[in-house]
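# Descriptive structure summary
Residues per chain, in single letters:
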Amino acid sequence: MRYAYFSGCKIPHHLPEYGASVQALCSALGITLVPMEFSCCGWPIRHENPVASAYSAVRNFALAEREGLSILTPCKCCFGNLKHAQAKMQQDARLAAEVGNLLGKEGMRLPGKIDVHHLLTVLDRDVGAKMLGELVRSPLSGVKVACHYGCHALRPGNVTEFDDPLAPTVFERILSATGAEMVHWDLRLECCGHPLRGRDDTISNALMRKKLENARDAGADILATGCTYCQMQFDQERHRIHETGDGTKKPTAVLFTRLLEAALGLAPRPF
């Protein structure tokens, strides 16, 4: 199991604990992550400059193709945009020509189709929940977990091909191996609100608060995330709803790789 590792722009500077956790977990499971000089996935400029966004994404595909590797990312936003770029390149010949011209100026060419995976999919397919369960040394028994899917990975389902966009199960399947109890909550598939951060903080905060309250009311101790932006929203930005006096202390937002690390005995519990 060997992949080109795409951490995205945010993890190294804003969420380094996610990067460290991903590296430690993959190392323990025999998944080799090959570091590469990737550029941005292109999502931040997708609506401002579609050509620049596609070029940024496709350049990464070209780099991975040179090494003969598929791409693995732990960020659902990056995953979703890379998949979106692939779809646009197949649908829009003019866009593909413009991107090909830009790559040519760097001595690169349009790549063939590169497989792009989120870490959850790799764990499910290459390792499996059964094997993960057999490796557990410190079960998270008694811990109630609400899985937060992240909308960029789920929708549009025919583009991301991540899981059933209306009834996904991969997140719960992987974390059930830890011995924790998965809770059902109505808003598990809704947006975290981070895409609106800086544009309309009032709505962003309202979405965050609504989701945290729904997970809390479902009995969750932990809100498990598998996306850089979702974790930043529910952890680093959470103080914003506390400042208004209507915040909720539970559930704590925890990156799913840190839950797996704790269950496998690789690190202390992060909560």
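From a predicted model like this one, the values you see are computed outputs, not experimental measurements. (Residues numbered from 1 in each chain as written. Predicted model: local features only at pLDDT ≥ 70, side-chain atom pairs only at ≥ 80, totals over all residues. Heavy atoms only, no water.)

## Let's talk about the sheet that holds strand β2 (residues 32-35)
Read from one edge to the other, the open sheet built from four strands follows the order β2-β1-β3-β4, with strand pairing classed as parallel. Edge positions in the sheet fall to β2 and β4 (116-118), since each of these pairs with one other strand and no more. On average, each strand axis in the sheet is tilted by 40 degrees relative to the strand beside it, whichever way the strands run. When strand β3 (residues 71-73) meets β4, the two strands line up parallel, connected through three bridges. Bridging from a neighbouring strand, Ile71 pairs with Val116 of β4. (Pairing = 2+ DSSP bridges. Helix = DSSP H or I, 4+ residues; strand = E, 2+ residues; numbered from the N terminus. Axes fitted to C-alpha atoms, helices over the stretch in contact; angles between N-to-C directions.)

## Looking at the nonpolar core
Residues Ile31, Ile71, Leu123, Leu175 and Phe256 are the most contacted members of the largest nonpolar core, which totals 90 residues. Sort the elements by how many residues they give to this core and helix α3 (residues 50-67) lands first, with eight residues. Here this core gathers at least three residues from each of two domains, domain 1 (2-119) and domain 2 (129-264). In this structure Leu123 touches Leu25, Leu29, Ile31, Gly128, Ile174, Phe256 and Leu260, once residues within four positions along its chain are discounted. (Core = buried A, V, L, I, M, F, W, Y, C linked by side-chain atoms within 4.5 Å. Buried < 20%, exposed > 50% of the residue type's maximum accessible area, 1.4 Å probe, protein only. Domains from an automatic or database assignment. Contact = heavy atoms within 4.5 Å.)

## Notes on the packing of helix α4 (residues 76-91) against helix α5 (residues 93-104)
Relative orientation and spacing of two packed helices are given, respectively, by the angle between their axes and the distance between those axes. Where α4 contacts α5, the two axes come as close as 5 Å, and the packing angle between them is 110 degrees. By the angle between their axes, α4 is roughly perpendicular relative to α5. Within the contact between the two elements, α4 uses Lys88, Met89 and Gln91 and α5 uses Ala93, Leu95, Ala96 and Val99. (Parallel < 35°, antiparallel > 145°, perpendicular 65-115°, else oblique.)

## Concerning empty space enclosed by the protein
Tallied over the full model, the rule gives one cavity of 30 Å³ or more. Here the largest cavity defines a volume of roughly 70 Å³. Forming the walls of the largest cavity are 13 residues, and the residues nearest its centre are His152, Cys192, Pro195, Tyr229 and Cys230. Those elements giving two or more residues to the lining of the largest cavity turn out to be α8 (151-154) and α12 (228-236). Here the lining of the largest cavity is built from residues that sort into nine nonpolar, four polar and no charged. (1 Å grid on protein atoms, 1.4 Å probe; cavity = no way out; pocket = protein on both sides within 12 Å on 5 of 7 lines; lining within 4 Å. Points joined across faces, edges and corners; volume = space filled by probe spheres on them. Nonpolar A, V, L, I, M, F, W, Y, C, P; charged D, E, K, R; others polar.)

## Some thoughts on α3
It helps to recall that an α-helix has 3.6 residues per turn; residues three or four apart then point in one direction. The end-to-end C-alpha distance of α3 is 26 Å, a good match for the 26 Å that 18 residues give at a rise of 1.5 Å each. Residues of α3 that are buried include every one of Ser53, Ala54, Tyr55, Ser56, Ala57, Val58, Arg59, Asn60, Phe61, Ala62, Leu63 and Ala64, and no others. In this fold, the buried residues of α3 make contact with β1 (2-5), β3, α4, α5 and β4. (Expected span 1.5 Å × (residues − 1).)

## Structural notes on the side chain of Asn81
Turning to its location among the elements, Asn81 is positioned in helix α4. Among the polar contacts made by the side chain of Asn81, one reaches the side chain of Arg46 at a distance of 2.8 Å. (Polar contact = N/O pair within 3.5 Å; in protein donor to acceptor, adjacent residues only side chain to side chain.)

## Let's talk about the domain arrangement of the protein chain
Domains assigned within the protein chain are domain 1 (2-119) and domain 2 (129-264). Inter-centroid distance (C-alpha atoms) of domain 1 to domain 2 is 24 Å. Each side of the interface is counted separately: domain 1 has 24 residues, and domain 2 has 28 residues. Both faces considered, domain 1 and domain 2 share a buried interface measuring about 2,300 Å² in area, 71% of it formed by carbon and sulfur atoms. One can count one salt bridge joining domain 1 with domain 2. A salt bridge links Lys83 to Glu161; the nearest nitrogen and oxygen atoms lie 3.4 Å apart. (Buried area = accessible area lost by both parts, 1.4 Å probe. Salt bridge = Lys/Arg side-chain N within 4 Å of Asp/Glu carboxyl O.)

## Points about the layout of surface pockets
In this structure, the largest pocket spans a volume of roughly 210 Å³. Lining of the largest pocket is provided by Lys10, Trp43, Pro44, Arg46, His47, Glu48, His152, His194, Arg199 and Tyr229. A class-by-class count of the residues in the lining of the largest pocket yields three nonpolar, three polar and four charged. Mapping the lining of the largest pocket onto the domain boundaries places at least three of its residues in each of domain 1 (2-119) and domain 2 (129-264). Roughly 180 Å³ of internal volume is contained in the second largest pocket. Around the second largest pocket sit Val58, Phe61, Gln86, Met89, Gln90, Leu110, Pro111, Gly112, Lys113 and Ile114, which together line it. Looking at the lining of the second largest pocket, the elements that each hand over two or more residues are α3 and α4. Looking at which element gives the most residues to the lining of the second largest pocket, the answer is α4, with three residues. When the residues that make up the lining of the second largest pocket are grouped by side-chain class, the tally is six nonpolar, three polar and one charged.

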